[in-house]
Amino acid sequence: MAREAPPSTPSDPLERWNDALTALQLLQLDPFGFGGVCLRAPHGPVRERWLQALAGLGIGLVKVPGSVDSERLLGGIDLAHTLQTGQLHMQSGLLQQADQGLVCLPMAERLAPALLAPLVQALEQGQVPPTRHSAAPPSTRFGVVALDESLPDEPGVGAALAERLGVWLDLHELSPSDIHAAWQGDSESDGLQIRLSPGALARARGQLPHVQASDEQMQALCAAALGLGIGSLRVPSLALRAACGHAALNGRSTLDAEDLGFAARCVLAPRATQWPAEPSAQEAEPAPQEDITPPPELPEPPEDSSEAPENEAETDNTQDPGPPPEQNAEPSAEDLQEMMVAAALASLPPHMLDALMTRQGAASHNTSGRSGQTRAGSQRGRPLPPRPGRPGGHARLHVLATLRAAAPKQRLRQAHSTGRVAIRAEDFHTQRYQQRASSCLILALDASGSAALQRLAEAKGAVELLLQQSYARRDSVCIVAFRGAQAQLLLPMTRSLVRAKRAMTGLPGGGGTPLALALKMAHEQAAQLQRQGVTPILVVLSDGRANVTLQGLGGRAQAQTDAQSWGQQWRASGHRALWIDTSMHPDAQAQQLASIMGASYLPMPQVQSQRMAHAIERVRSPQA
């Protein structure tokens, strides 16, 4: 049965490790019913323990390395045997070998799109797609265990695959001491002896088809997913399947709060894209209803006072006490939704609130990756799948792909060729590579107002953190400061931490807010960086209360219009942006400007360098 965990606090290591072990039991119970597991964890003893437990489940496990080609994945020509014998030989693919078992994807975040697409198609349709050399194989059902080894500033597993994996686990914050402390004294303390016995597995599999979910529970799942910003109906369906499996592991025929809580923590919470909206005051306080029940009729006093006590007693004995209150009332869909949302929020790791608020704007643009935009080339970079084409110029011949294309036609060409292998022009394939452009962070600092010194000090600390973190990626920083009636380029594009410190030291504060001039200068810098092959990312640190026009004159209305105009131009450029609102309370003008720019919006009344650097990294490196 599923392992029981004591009451836990948000992001409690005990609860997170317990959920990770429960996910293993779900894989043993229902290998492909809920898609599989997406495990986000670095190399280390925690992940190794989980993988050793996975290998000990007794389920067929096929590892698919990222360097595999489509022929090996889907099945096709056995090139080595074909060239050795001179006759065409076929081989079954790795996906066919994983039928009724699991496919393990190490470094799943680096799986090429050419391999990701057929894998997702086979997972969705239950059948491996046919190739040009083989017919469609029979039905093939399998689950996927995707190991996401990406760093926080790198894109994760592809969205198409991750959406179809029911359970998402994040073991980044767990340490071996946490696991040892969580299971100390337990006979299963090593986390490896969680395999269900044959009898328990048979009982759970027999119970699974009979687990029932009420209409209120299914409505609560959908409502909780919608409240967390999950727009796909596939996710509530996967959450329901995971909850039913959790109930079957515990021998229950109906879902209860524990099953729904597991689904909320492991299926809904990791996919959240927004913070649930708080109910309004009118919704939270229902209108009082008028009491229209007539008051009870009082008995007439008796004429004889001696009969009064007897009549009073009779009155007390005959009074209807009313229906007894319901002791075991079933929770409504609203109550279940609140419970699941609370469980999901409690399982979110630190800084997740800022990540949820900045992810939507960061994901709305066409740039991705930790180092900027991607561009195809033929000389250097990350290898891409080869394509048919003639070598020449900078295009180099891909020998293995060329031989693979020529192998099926050797029998027809042997009569007209004296060589060992006959190659024609239509067999040629060329090698391709993909490069990533470096990125530059344009930091627009509002040096106006009384709180400018505090903002500049924290912004300086954030810039230092970013330069230290991005040194290995060769990313750079550009600083634009605006105050009074002008905006100045405080620091051109640089990777030097010393220059950044020197530029921000002694910057005066106070005066008006020429926001339009700052956005104009940032747009000009972005255009210049784009011509140099660098991806620009804008971060505005301001309250959005523009009061200086493009001409350097006062006037709030015209200044706001000018700022909105340049904000629209930034949105048209398609570059990412983040607006950090420094107002004491979230300001409508700042939110409107961020929306016009297509920027992520993050209120931060008390600017903190660590929090600011973390939010900027989220926008710079949105998760796929």
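Everything numeric in this text was worked out from a predicted model, so none of it was measured.

## Thoughts on the overall build of the chain
Step number 1: Tallying secondary structure elements over the chain gives 24 helices and 16 strands in all.
Step number 2: For the chain, buried positions account for 46% of its 624 residues.
Step number 3: Sequence separation of 24 or more characterises 76% of the internal contacts of the chain that already satisfy a separation of 6 or more.

## With respect to the packing of helix 21 (residues 515–531) against helix 22 (residues 556–573)
Step number 1: Their axes nearest at 8 Å, the elements helix 21 and helix 22 cross at an angle of 20°. It follows from the interaxial angle that helix 21 and helix 22 lie roughly parallel. Like other packed secondary-structure pairs, helix 21 and helix 22 cross with a definite hand, here left-handed. Contacts from Leu515, Ala516, Leu519, Lys520, Ala522, His523 and Ala526 of helix 21 reach helix 22 at Ala559, Asp562, Ala563, Trp566, Gly567, Gln569 and Trp570.

## Thoughts on the side chain of Gln28
Step number 1: Within the fold, Gln28 resides in helix 1 (residues 13–29).
Step number 2: In this structure, Gln28 is in contact with Leu57, Ile59, Ile194, Arg195, Leu196, Leu201 and Arg205, ignoring residues within four places of it in sequence.

## Side note on the sheet that holds strand 7 (residues 167–170)
Step number 1: The strand order across the open sheet formed by five strands is 2-5-6-1-7, and the pairing between neighbours is parallel. On the outer flanks of this sheet lie strand 2 (61–63) and strand 7, each paired with one strand and no other. Direction aside, the axes of adjacent strands within the sheet are offset by 20° on average.
Step number 2: Where strand 1 (residues 36–40) lies against strand 6 (residues 142–148), five bridges are found, and the strand directions are parallel. By the bridge assignment for strand 6, Arg40 is matched with Asp148.
Step number 3: Packed onto the sheet, helix 1 meets strand 1, strand 5 (101–105), strand 6 and strand 7 and runs at close to 145° relative to strand 7.

## Concerning the nonpolar core
Step number 1: Counting 63 residues, the largest nonpolar core has Trp17, Leu24, Leu27, Trp50, Leu54, Leu169 and Leu268 as the members making the most contacts within it.
Step number 2: Aside from chain neighbours lying at most four places away, what touches Leu24 is Trp50, Ala53, Leu54, Leu57 and Ile194.

## Topic: the pairing of strand 11 (residues 439–446)
Step number 1: Taken across its eight residues, strand 11 has eight buried, putting it largely inside the fold.
Step number 2: Of the two faces of strand 11, both are covered, the one formed by Ser439, Leu441, Leu443 and Leu445 as well as the one formed by Cys440, Ile442, Ala444 and Asp446.

## Comments concerning helix 20 (residues 497–504)
Step number 1: Along helix 20, the residues classified as buried are Ala500, Ala503 and Met504. One face of helix 20 carries all of its buried residues, which in axial projection span an arc of 90°. Exposed residues pointing more than 90 degrees away from the buried face of helix 20 are listed as Val498 and Arg502.
Step number 2: Where helix 20 starts, the residue carrying a side-chain oxygen 3.2 Å from the main-chain nitrogen of Arg499 turns out to be Ser496.

## Digging into the confidence of the model for the chain
Step number 1: For the chain, per-residue confidence averages 77 on the pLDDT scale, and residues scoring 70 or more make up 75% of the total.
Step number 2: Across residues 360–373 the pLDDT falls below 50, and counting only partners more than four positions away or on other chains, this stretch makes 49 contacts in the model.

## Considerations on the sheet that holds strand 12 (residues 476–483)
Step number 1: Across the sheet, which stays open at both edges, the six strands sit in the order 13-12-11-14-15-16 with mixed pairing between neighbours. At either end of the open sheet lies a strand with only one pairing partner, and these are strand 13 (486–494) and strand 16 (600–603). Strand-to-strand twist across the sheet, computed as the mean angle between neighbouring axes with direction ignored, equals 15°.
Step number 2: Where strand 14 (residues 535–542) lies against strand 15 (residues 577–581), five bridges are found, and the strand directions are parallel. The partner of Leu541 across the bridge, within strand 15, is Ile580.
Step number 3: Of the strands in this sheet, strand 11, strand 12, strand 13, strand 14 and strand 15 are in contact with helix 21, which crosses strand 13 at around 25°.

## Description of the pattern of salt bridges
Step number 1: With the rule as written, the count across this model stands at 13 salt bridges.
Step number 2: Among the ionic pairs, Asp256 bridges to Arg252, the shortest N-O distance being 3.3 Å.
Step number 3: Where Glu258 meets Arg252, a salt bridge forms, and the shortest distance between an N and an O atom there is 3.8 Å.
Step number 4: Each of Glu124, Glu163, Arg164 and Arg234 takes part in a single network of salt bridges with overlapping partners.

## As for the pairing of strand 16
Step number 1: The alternating pattern of strand 16 places Ser600 and Leu602 on one face and Tyr601 and Pro603 on the opposite face, and all of these are buried.
Step number 2: By the bridge criterion, four bridges tie strand 15 to strand 16 in an arrangement that is parallel. For Leu578, the partnering residue across the bridge sits in strand 16 and is Ser600.
Step number 3: With respect to chirality, the unit in which strand 15 leads through helix 23 (residues 588–597) into the neighbouring parallel strand 16 is right-handed.

## Some words on the environment of Leu507
Step number 1: Relative to the helices and strands, Leu507 is located in the loop between helix 20 and helix 21.
Step number 2: For the pair Leu507 and Leu490, spaced 17 residues apart in sequence, the C-alpha to C-alpha distance is 9.0 Å.
Step number 3: The contacts of Leu507, once residues within four sequence positions are left out, are Ala447, Leu456, Ala481, Gln488 and Leu490.

## Observations regarding a nonpolar patch on the surface
Step number 1: Taken together, the side chains of Leu83, Val421 and Ile423 make up a nonpolar region of the molecular surface, amounting to roughly 190 Å² of accessible area.
Step number 2: Of note, Ile423 is situated in the loop between helix 18 (410–413) and strand 10 (429–436).

## Description of unusual backbone geometry
Step number 1: Phi angles above zero are rare outside glycine, and Gln100 is one such case at about 65°.
Step number 2: The residue Gln100 is located in the loop between helix 5 (94–97) and strand 5 in this model.
Step number 3: For Met107, which is not a glycine, the phi torsion comes out positive at approximately 50°.
Step number 4: Examined against the element boundaries, Met107 turns out to sit in the loop between strand 5 and helix 6 (113–125).
Step number 5: The exposure class assigned to Met107 is partly exposed, which follows from its relative accessible area of 34%.

## A look at helix 23
Step number 1: Among all positions in helix 23, only Ala590, Leu593, Ala594, Ile596 and Met597 are buried. Buried residues along helix 23 cover an arc of 160° about the axis, so they all sit on one side. The outward face of helix 23, more than 90 degrees from its buried face, is lined by the exposed residues Ala588 and Ser595.
Step number 2: Looking at the buried residues of helix 23, the elements they touch are helix 21, strand 14, helix 22, strand 15 and strand 16.

## Some details on the environment of Gln564
Step number 1: You can see Gln564 is positioned in helix 22.
Step number 2: Note: C-alpha distance between Gln564 and Ile596 (32 residues apart in sequence) is 6.8 Å.
Step number 3: Apart from residues lying up to four places away in sequence, Gln564 is in contact with Gln592, Leu593 and Ile596.

Procedures and definitions
- Residues numbered from 1 in each chain as written.
- Predicted model: local features only at pLDDT ≥ 70, side-chain atom pairs only at ≥ 80, totals over all residues.
- Heavy atoms only, no water.
- Helix = DSSP H or I, 4+ residues; strand = E, 2+ residues; numbered from the N terminus.
- Buried < 20%, exposed > 50% of the residue type's maximum accessible area, 1.4 Å probe, protein only.
- Contact = heavy atoms within 4.5 Å.
- Axes fitted to C-alpha atoms, helices over the stretch in contact; angles between N-to-C directions.
- Parallel < 35°, antiparallel > 145°, perpendicular 65-115°, else oblique.
- Left-handed = near helix turned anticlockwise from the far one by under 90°.
- Pairing = 2+ DSSP bridges.
- Core = buried A, V, L, I, M, F, W, Y, C linked by side-chain atoms within 4.5 Å.
- Arc of directions from axis to C-beta.
- Polar contact = N/O pair within 3.5 Å; in protein donor to acceptor, adjacent residues only side chain to side chain.
- pLDDT = per-residue confidence, 0-100.
- Salt bridge = Lys/Arg side-chain N within 4 Å of Asp/Glu carboxyl O.
- Right-handed = clockwise from strand over helix to strand, strands pointing away.
- Patch = residues over 30% accessible without salt bridge, like charges linked within 9 Å, V, L, I, M, F, W, Y side chains within 5 Å.
- Areas by Shrake-Rupley, 256 points an atom, 1.4 Å probe, with all protein chains shown as cover.

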